[in-house]
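Architecture at a glance
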Amino acid sequence: MIELQKVSKIFDTGFNQVHALSEVNLKLSQGEFVAIKGPSGSGKSTMMNIIGLLDRPTQGKYILANNDVSTMNDKIRSKIRGKVFGFVFQSYNLIPRLSAVRQVEMPLMYRKDKDRRKKSIVALSKIGLGERIFHSPVELSGGEQQRVSIARALVGEPKIILADEPTGALDTKTGEEIIGIFKNLSEEGITVIMITHDNSVAKNATRIIEMKDGMIV
Amino acid sequence: MSIFDAINFAFRSIISTPLRSGLTALGVIVGVASVIVLVSLGQGIKKQVEDEITALGTNLLFITASSEDSTTGVQGGRNSGLSLTLSDVEKLISSNISGVRNIAPQIDFPAQLIAGNYNVEATVFGTTPEYIDIISTETLSGEFITQKDVDTKALRMVLGSEIAKTLYPDQEPIGKIVRLSLFNRFDFRFLVTGVMKPKGGQDDDDFSVFIPVSTMQNRIGFLRNPTGDVNVFRIIVRSEDDVEKELVSNKISENLKLIHNVDKPDFEITSMDQLLEASNQVTGALTLFLGSIAGISLLVGAIGVGNIMLVSVTERTREIGTLRSIGATKFDIRLQFVTEALTICLLGGILGIIIGIIICLNLSDISFGDAENLSAVVTPTSVIVAFVVSFFVGLISGAYPAYRASELDPIEALRSE
Ligand SMILES: Nc1ncnc2c1ncn2[C@@H]1O[C@H](COP(=O)(O)OP(=O)(O)OP(=O)(O)O)[C@@H](O)[C@H]1O
Ligand SMILES: [Mg+2]
């Protein structure tokens, strides 16, 4: 379902060029639970952003569900991004002034979904936050905030979850709970791609990808 | 994202920083309120002037000696154009110009009136019986100047309503004697023969008295010009209601040129319409001027909104990245920020309109010394204009920040702190 063909990414900072990805080839199929490992600066986030349509490759092709998405315009890419992907960030990236339920409604708002309140509550319940739907981020613990952000990623029924160090800011036990959620999702058929530095986290995955210097090793 | 969602989201952003949003809106509130107040003041002044002019009657034509030509002709000679005379009036009347209803001369001086313990400053008009019809009013009691009064140069006087009240607060003025002191040089005793109906408002006629023009000529020597005729300050003509004023004006002009024996008119005829038009030009310019001053404060308000929106974009950079990651298009981001600026401006605009109207309503209670009370007329147009302007202020001040927000690279936005 995901296919990167000789994808390179070069960041031109003005005074030097950073080769964040060098001719990366990658094929992922539906329902895989992939852990991406590698030292800092090895291009993990860069690859994930390209997969999630937040960024475009400098060279190479990106085929998503048999479509070349690397050349599509920004509007279509935004719509696909909202429909196909769910992002989970290390620092949750919640909107501070919105309650959990509104937080989770946001992706559906951009899709003009009329059922969004119901779907948002369902997503929050599924993730174990049914009781705290009207709490704002400051009233929630780190683990709870990460659950809200997972609910927000899930509410639009995505095909692929992209998680960039989702447990990086959590203690071991809370981290394990979050990983448990991802495991369940992948068993339901959702592709999960997760960046992690933690080997004990990575071993939960069905496939581990190691990166170094912008290449998969 | 629908417009309702954008408004909902904007409200949440606005109330999450109430002080900042309030201060930002304050700029718009002050701007819009001052537009309303100053434009309404302009309209109030316009209406006052208009009312005063139309109160005189719209069928009036004023003939005055033309200043331009006053030096032509034989100095001091007859028909020299130096002035209008009483004989001009008589000749015009006997010309029987069609469309003309009445013609009367007018001479006026300020004078001191004394009756018993009371005295008052008044304008003394010397005129003829036709005058009462020209200013379209009636007497409250007694009678106006009669032809007999004019013929006999009688020392008889008709009082304006306010003068009557001041001089005779608790007596019937008719039949009483009033002392009239002119320039501290002339002192006459007049018999009060009539009191005018009040015209109301601040009408000059209420603060005037009327005496026969002949009495004035006879008693006040310098009004007589070298030919022995009597100079009048102006001649007032009332035309019939259903005639073209332009036509009447032209006929009078032709006749008066014949009377004066000149080719080019040595007088000017001004119609009420011309006066109205001229005053409308002045008050219109005044309104525009006042509105522009208020517009500057609105502009400052708009800059404030734009500035705060730019700050917001910077502060919410990471949030914008997040919104892009959950499927927001560039258009969605633009819509969100423009809506936020619009919401601030429209709320500020509505509050400003309300405050402006409240100020206008209370303005007429404030008097400034001896001057007439200010009156502000809130027109629906000024309210609608203020609302539309605050809409565009929001649109314009939100446009650039919204564009900046939408053009952020999602990756850069997500990486920012
Ligand atoms: N927007 C950018 N502009 C310039 N350089 C960038 C940009 N994004 C990433 N880089 C560079 O590209 C390289 C790869 O970065 P990336 O974020 O993909 O690493 P990573 O593997 O996710 O590292 P970490 O584990 O620290 O998150 C790094 O050298 C980084 O400095
Ligand atoms: Mg990274």
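Computed from a predicted structure; not experimentally measured.

A short note on the confidence of the model for chain B
Residues and elements named next belong to chain B. Of all residues in chain B, 91% have pLDDT values of 70 or greater, and the mean over the chain is 86. Across chain B, helix H10 (residues 317-325) holds the top mean pLDDT of 96, while helix H7 (residues 213-219) sits lowest at 81. Below a pLDDT of 50 lies the segment residues 69-81, which in the model reaches 25 contacts outside its immediate sequence neighbourhood of four places, other chains included. Quick note on the complex model: pTM equals 0.77, ipTM equals 0.95.

Regarding the packing of aromatic side chains
Going through the model one piece at a time under the given rule, you end up with nine aromatic pairs over all chains. For the pair Phe 87 of chain A and Phe 89 of chain A, a centre-to-centre distance of 5.9 Å together with 10 degrees between the ring planes defines the contact as stacked. By relative accessible area, Phe 87 of chain A is classed as buried at 5%. Seen in terms of ring centroids, Tyr 131 of chain B and Phe 210 of chain B are 5.8 Å apart; in terms of plane orientation they differ by 45 degrees. Their pairing is tilted. Here the residue Tyr 131 of chain B occupies a position in helix H4 (residues 131-134), and Phe 210 of chain B occupies one in strand E9 (residues 208-212), the gap between them amounting to 79 residues. One aromatic cluster is present, built from ring pairs that chain together Phe 125, Tyr 131, Phe 144 and Phe 210 of chain B.

Examining the side chain of Arg 77 of chain A
Residues and elements named next belong to chain A. Topologically, Arg 77 is positioned in helix H2 (residues 74-84). A polar contact of 3.3 Å, which involves the side chain of Arg 77, links it to the backbone oxygen of Leu 53. Those residues in contact with Arg 77, other than ones at most four positions away along the chain, are Leu 53, Leu 54, Asp 55, Arg 56, Val 69, Ser 70 and Met 72.

Considerations on the domain arrangement of chain B
Domains assigned within chain B are domain 1 (3-53 + 278-415) and domain 2 (67-265). Between the C-alpha centres of domain 1 of chain B and domain 2 of chain B there is a distance of 54 Å.

Details of the interface of chain B and chain A
Across the contact, 26 residues belong to chain B and 25 residues belong to chain A. One can count three salt bridges joining chain B with chain A. For the interface between chain B and chain A, the tally reads 10 residue pairs in polar contact (both at pLDDT 80 or more). Every element with two or more residues in the side of chain B that touches chain A is listed here: helix H1 (3-16), H10, helix H11 (330-363) and helix H13 (410-415) of chain B.

Re the sheet that holds strand E8 (residues 191-195) of chain A
Note on sheets: strands pair through backbone hydrogen bonds, and any given pair is parallel or antiparallel. Residues and elements named next belong to chain A. One open sheet accounts for six strands, arranged E6-E7-E8-E3-E9-E10; its pairing is mixed. Pairing within the sheet leaves two strands with one partner each, and these edge strands are strand E6 (85-89) and strand E10 (215-216). Both strand E3 (residues 33-37) and strand E9 (residues 207-212) contribute to a ladder of four bridges, which runs parallel. Across the sheet, Val 34 pairs through a bridge with Arg 207, a residue of E9. Where helix H1 (residues 44-51) meets the sheet, it contacts E3, E6, strand E7 (160-164), E8, E9 and E10, and its direction lies at approximately 150 degrees from that of E8. Docked against the sheet, helix H5 (residues 142-154) engages E6 and E7, running at close to 165 degrees with respect to E6.

Focus on the site of ligand 1
Contacts to ligand 1 come from 16 residues, most closely from Ser 40, Lys 44, Ser 45 and Thr 46 of chain A together with Arg 415 of chain B. What surrounds ligand 1 is not a single chain but chains A and B. In this structure, an oxygen atom belonging to ligand 1 sits 2.4 Å away from a side-chain N or O atom of Ser 40 of chain A. In this structure, an oxygen atom belonging to ligand 1 sits 2.8 Å away from a main-chain N or O atom of Gly 41 of chain A. Coverage of ligand 1 by the protein amounts to 75% of the 630 Å² it exposes when considered alone. The pocket occupied by ligand 1, as judged from atoms lying within 2 Å of grid points, is the largest pocket. Broken down by secondary-structure element, the contributors of at least two residues to the shell around ligand 1 are strand E2 (17-28) and H1 of chain A together with H13 of chain B. Among the elements that line the shell around ligand 1, the one with the most residues is H1 of chain A, at three residues. Its residues placed into classes, the shell around ligand 1 shows four nonpolar, eight polar and four charged.

Points about the sheet that holds strand E5 (residues 67-68) of chain A
All names here are of chain A. Overall, antiparallel pairing links the four strands, which are arranged E2-E1-E4-E5 in an open sheet. Both edges of this open sheet fall to E2 and E5, since each of them pairs with a single strand only. Pairing of strand E1 (residues 2-12) with strand E4 (residues 59-64) involves five bridges; the strand directions are antiparallel. By the bridge assignment for E4, Leu 4 is matched with Tyr 62.

Here we look at H10 of chain B
Residues and elements named next belong to chain B. H10 sits mainly inside the fold: eight of its nine residues count as buried. Of all the positions in H10, only Thr 317, Glu 319, Ile 320, Gly 321, Thr 322, Leu 323, Arg 324 and Ser 325 are classed as buried. Once H10 finishes, Gly 327 follows within two positions and takes phi at roughly 110 degrees, a positive value.

What counts and what doesn't
Residues numbered from 1 in each chain as written. Chains lettered and ligands numbered in written order. Predicted model: local features only at pLDDT ≥ 70, side-chain atom pairs only at ≥ 80, totals over all residues. Heavy atoms only, no water. pLDDT = per-residue confidence, 0-100. Helix = DSSP H or I, 4+ residues; strand = E, 2+ residues; numbered from the N terminus. Contact = heavy atoms within 4.5 Å. Phe/Tyr/Trp six-rings, centres within 6.5 Å; stacked < 30°, edge-to-face > 60°. Buried < 20%, exposed > 50% of the residue type's maximum accessible area, 1.4 Å probe, protein only. Polar contact = N/O pair within 3.5 Å; in protein donor to acceptor, adjacent residues only side chain to side chain. Domains from an automatic or database assignment. Salt bridge = Lys/Arg side-chain N within 4 Å of Asp/Glu carboxyl O. Pairing = 2+ DSSP bridges. Axes fitted to C-alpha atoms, helices over the stretch in contact; angles between N-to-C directions. Near = heavy atom within 4 Å. Areas by Shrake-Rupley, 256 points an atom, 1.4 Å probe, with all protein chains shown as cover. 1 Å grid on protein atoms, 1.4 Å probe; cavity = no way out; pocket = protein on both sides within 12 Å on 5 of 7 lines; lining within 4 Å. Sits in = over half its atoms within 2 Å of the grid points. Nonpolar A, V, L, I, M, F, W, Y, C, P; charged D, E, K, R; others polar.

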